[in-house]
Amino acid sequence: MSDRTVIPFGPQHPVLPEPIHLDLVLEDETVVEAIPQIGYIHRGLEKLVEKKDFQQYTFVAERICGICSFMHGMGYCMSLESIMDVKIPDRADFLRTIWAELSRMHSHLLWLGLLADAFGFESLFMHSWRLREQVLDIFEETTGGRVIFSVCEIGGVKKDISSETLKKINETMYVIEKELTELTTVFFKDSSVKYRTKGVGVLSKQLAFELGAVGPMGKASGLNFDMRTQGYAAYKHLNFAPVIDTEGDSYARTSVRIKEIFQSIDLIRQAISLIPEGDIKVKVTGNPNGEHFTRVEQPRGEVIYYTKANGTKFLDRVRVRTPTFANVPALLETLKGCSLADVPILILTIDPCISCTER
Amino acid sequence: MEQNIKEIQPGELLTHVVHYKHEGYRLVAISATTKDGIELSYSFDKEYDFIHLRLIIDSTTEIESISSLYSYAFLYENEIKELFGVPIKDISIDFNNQLYRIPIATPFAAKEEKA
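Here's what I pulled together on the structure shown here. Just so we're clear, the structure is a prediction, and the values are computed from it rather than from any experiment.

Here is what the cut-offs are and how they apply
- Residues numbered from 1 in each chain as written.
- Chains lettered and ligands numbered in written order.
- Predicted model: local features only at pLDDT ≥ 70, side-chain atom pairs only at ≥ 80, totals over all residues.
- Heavy atoms only, no water.
- Contact = heavy atoms within 4.5 Å.
- Salt bridge = Lys/Arg side-chain N within 4 Å of Asp/Glu carboxyl O.
- Polar contact = N/O pair within 3.5 Å; in protein donor to acceptor, adjacent residues only side chain to side chain.
- Helix = DSSP H or I, 4+ residues; strand = E, 2+ residues; numbered from the N terminus.
- Nonpolar A, V, L, I, M, F, W, Y, C, P; charged D, E, K, R; others polar.
- Pairing = 2+ DSSP bridges.
- Axes fitted to C-alpha atoms, helices over the stretch in contact; angles between N-to-C directions.
- Buried < 20%, exposed > 50% of the residue type's maximum accessible area, 1.4 Å probe, protein only.
- Parallel < 35°, antiparallel > 145°, perpendicular 65-115°, else oblique.
- Left-handed = near helix turned anticlockwise from the far one by under 90°.
- Phe/Tyr/Trp six-rings, centres within 6.5 Å; stacked < 30°, edge-to-face > 60°.
- Lys NZ or Arg CZ within 6 Å of the ring centre and 35° of its normal.

### Considerations on the interface of chain B and chain A
Thinking step 1. The interface of chain B with chain A comprises 37 residues on the first partner and 41 residues on the second.
Thinking step 2. The partner of Asp45(B) in a salt bridge is Arg295(A), and the shortest N-O contact between them spans 2.7 Å.
Thinking step 3. One can count 16 residue pairs in polar contact (both at pLDDT 80 or more) joining chain B with chain A.
Thinking step 4. Take the side of chain B that touches chain A: its biggest share by element is 7 residues, from strand 2 (residues 26-34) of chain B.
Thinking step 5. For the side of chain B that touches chain A, a count of residues per class yields 21 nonpolar, 8 polar and 8 charged.

The following block contains the structure:
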């Protein structure tokens, strides 16, 4: 008869920069159940809406997460713009799209580095983050910030990008694409990466749907689901299809994210080629009154912003349903049956963001 | 994005959720707002068709958990139970107000007026 033991994983673990705790119930070396404990860093940011007016809250929304900072700000602004019936200029839509896709690249490259680090591939980790630095340099040049750049506002964006800079971004995309191709060959072809990811933590399409998985977690299991296809911002003008895989294992989740970086490069190129001239914001007057559910595709998947306004400058409610929160049940399911040694890599492949989870 | 909000009575919740489950919708979120009581929104999606069930309860009205239909609802239900004090019974995995280890009980609940 096998021995059953409970091993605590986290809340601090070398592969996780943020605290999440799992009690792993093991039979010998195999995980039979994982019991989550979250809540170590809950910040009550949604509650802050009672103290910050709806314009100021944009800055709070951006601070929900450092990696998806721009998209949090954008999603919140889109929700308020829907309530206030504000149509932002087309150029602002394209600029938002460019920064959103750069954010996706920055997020996925960061994650790729963390994954390499977890494998023990230090050089690969540094090369991934070196590529990410080029994206951060673009942020710094175009907005002044490298991670949180406060460029989105209700009614459009605060800063424009000149034609010369757009041309430079386009050239940088070619450099990153070339270097990324070389870099990701290791992830796609290295035997030790394959050994530790292929067939590990398999989530079937049916389970992914039944457990509400979103983003690359769901796409790697065959769910054809991407909010960008709904045509918010400038995506309605761009030509793309969601990156889908069917294996549902750690390798597939890695593959989807890598292919999404290439897709982001393509989307940025398309946006640069199509961006119209014109204003970057419209003046927004008055206070919002009404409610709206807005959905945006973040690097980790679908995020929902629910805002409820009452005609004053203070909102009744802001609620952010983040992708990691949605992916926790799927993570628990994928852990069942895996080896204890595979747990760190498996948790990493859902790209958990605990800051988002504990707004 | 079109907003499809359907107002229901608390006692009708399970009936409507069973319907959406059978129609193949996935649960997307459960949200609470304190406005003239506690306003609950259950959001569902099927191929980008985004719909919301809306019910308003007071802090003493106990509602049924939907975790028997959507297993992963336990996370959303624990969240609104802990932050807003929504009384939900029979949650499949009940953290008993220990999901977020916050020092204040139901911090998002409406404050009672002082006499």
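### Observations concerning the sheet that holds strand 3 (residues 38-46) of chain B
Sheet strands pair via backbone hydrogen bonds, and the direction of the pair is either parallel or antiparallel.
Residues and elements named next belong to chain B.
Thinking step 1. Strand order in this open sheet of 4 strands is 1-4-3-2, and the pairing throughout is mixed. Both outer strands of the open sheet, strand 1 (4-7) and strand 2, are each paired with one neighbouring strand and no more. Strand after strand, the sheet turns through a mean of 25° between neighbouring axes, direction not considered.
Thinking step 2. Bridge count between strand 3 and strand 4 (residues 49-57): 9 bridges; the pairing is antiparallel. Among the inter-strand pairings, tyrosine 42 is bridged to a residue of strand 4, identified as leucine 53.
Thinking step 3. Against the sheet, helix 1 (residues 13-23) makes contact with strand 1, strand 3 and strand 4, and its axis sits at roughly 170° relative to strand 4, the strand it touches most.
Thinking step 4. Against the sheet, helix 2 (residues 73-84) contacts strand 2 and strand 3, and its axis sits at roughly 5° relative to strand 2.

### Here we look at the sheet that holds strand 7 (residues 301-310) of chain A
All names here are of chain A.
Thinking step 1. Overall, antiparallel pairing links the 3 strands, which are arranged 6-7-8 in an open sheet. Strand pairing shows two members of the sheet lacking a second neighbour, strand 6 (289-298) and strand 8 (317-321), which therefore form its edges. Here the strands of the sheet are splayed against their neighbours by 10° on average, with no regard to which way each runs.
Thinking step 2. Strand direction decides the pairing type here: strand 6 and strand 7, joined by 10 bridges, are antiparallel. Opposite glutamine 298, over in strand 7, you have glycine 301 as the bridge partner.

### Thoughts on the pattern of salt bridges
Thinking step 1. Overall, the coordinates contain 37 salt bridges over all chains when judged by the stated rule.
Thinking step 2. A salt bridge links Glu50(A) to Lys47(A); the nearest nitrogen and oxygen atoms lie 3.1 Å apart.
Thinking step 3. For Lys47(A), a relative accessible area of 23% translates into the label partly exposed.
Thinking step 4. Between Asp94(B) and Lys81(B) there is a salt bridge, with its nearest N and O atoms 2.8 Å apart. Separated by 13 residues along the polypeptide, Asp94(B) in the segment after strand 6 (88-89) and Lys81(B) in helix 2 bring together distant segments of the chain.
Thinking step 5. Using a relative accessible area of 30% as the deciding quantity, one classes Asp94(B) as partly exposed.

### Describing the packing of helix 10 (residues 323-335) of chain A against helix 2 of chain B
Thinking step 1. Across the interface, helix 10 of chain A lies against helix 2 of chain B with an axial gap of 9 Å and an inter-helix angle of 130°. Considering the angle they form, helix 10 of chain A stands oblique to helix 2 of chain B. Remark: the crossing between helix 10 of chain A and helix 2 of chain B carries right-handed chirality. Between helix 10 of chain A, through Phe325(A), Ala326(A), Val328(A), Pro329(A) and Leu332(A), and helix 2 of chain B, the contact on the second element is made entirely by Phe74(B), Leu75(B), Tyr76(B) and Glu79(B).
Thinking step 2. Class assignment for the residues of the contact of helix 10 of chain A with helix 2 of chain B results in 8 nonpolar, no polar and 1 charged.

### Looking at the packing of aromatic side chains
Thinking step 1. Counted according to the given criterion, the structure contains 18 aromatic pairs over all chains.
Thinking step 2. Relative to Tyr25(B), the ring of Tyr20(B) has its centre 5.2 Å away and its plane inclined at 75°; by these criteria the two rings are edge-to-face.
Thinking step 3. We classify Tyr20(B) as buried; its relative accessible area is 9%.
Thinking step 4. Looking at Tyr25(B), the relative accessible area reads 11%, which means it is buried.
Thinking step 5. Its guanidinium or amino end placed over the ring of Trp129(A), Arg132(A) lies 5.1 Å from that ring's centre, counting from NZ or CZ.

### Notes on unusual backbone geometry
All names here are of chain B.
Thinking step 1. Residue tyrosine 48 is not a glycine yet carries a positive backbone phi of 70°.
Thinking step 2. With respect to the helices and strands, tyrosine 48 occurs in the loop between strand 3 and strand 4.
Thinking step 3. Among the residues examined, tyrosine 48 registers a relative accessible area of 21% and is labelled partly exposed.
Thinking step 4. Even without being a glycine, aspartate 90 presents a positive backbone phi close to 65°.
Thinking step 5. Looking at the secondary structure, you find aspartate 90 in the segment after strand 6.
Thinking step 6. The class of aspartate 90 is exposed, set by a relative accessible area of 60%.

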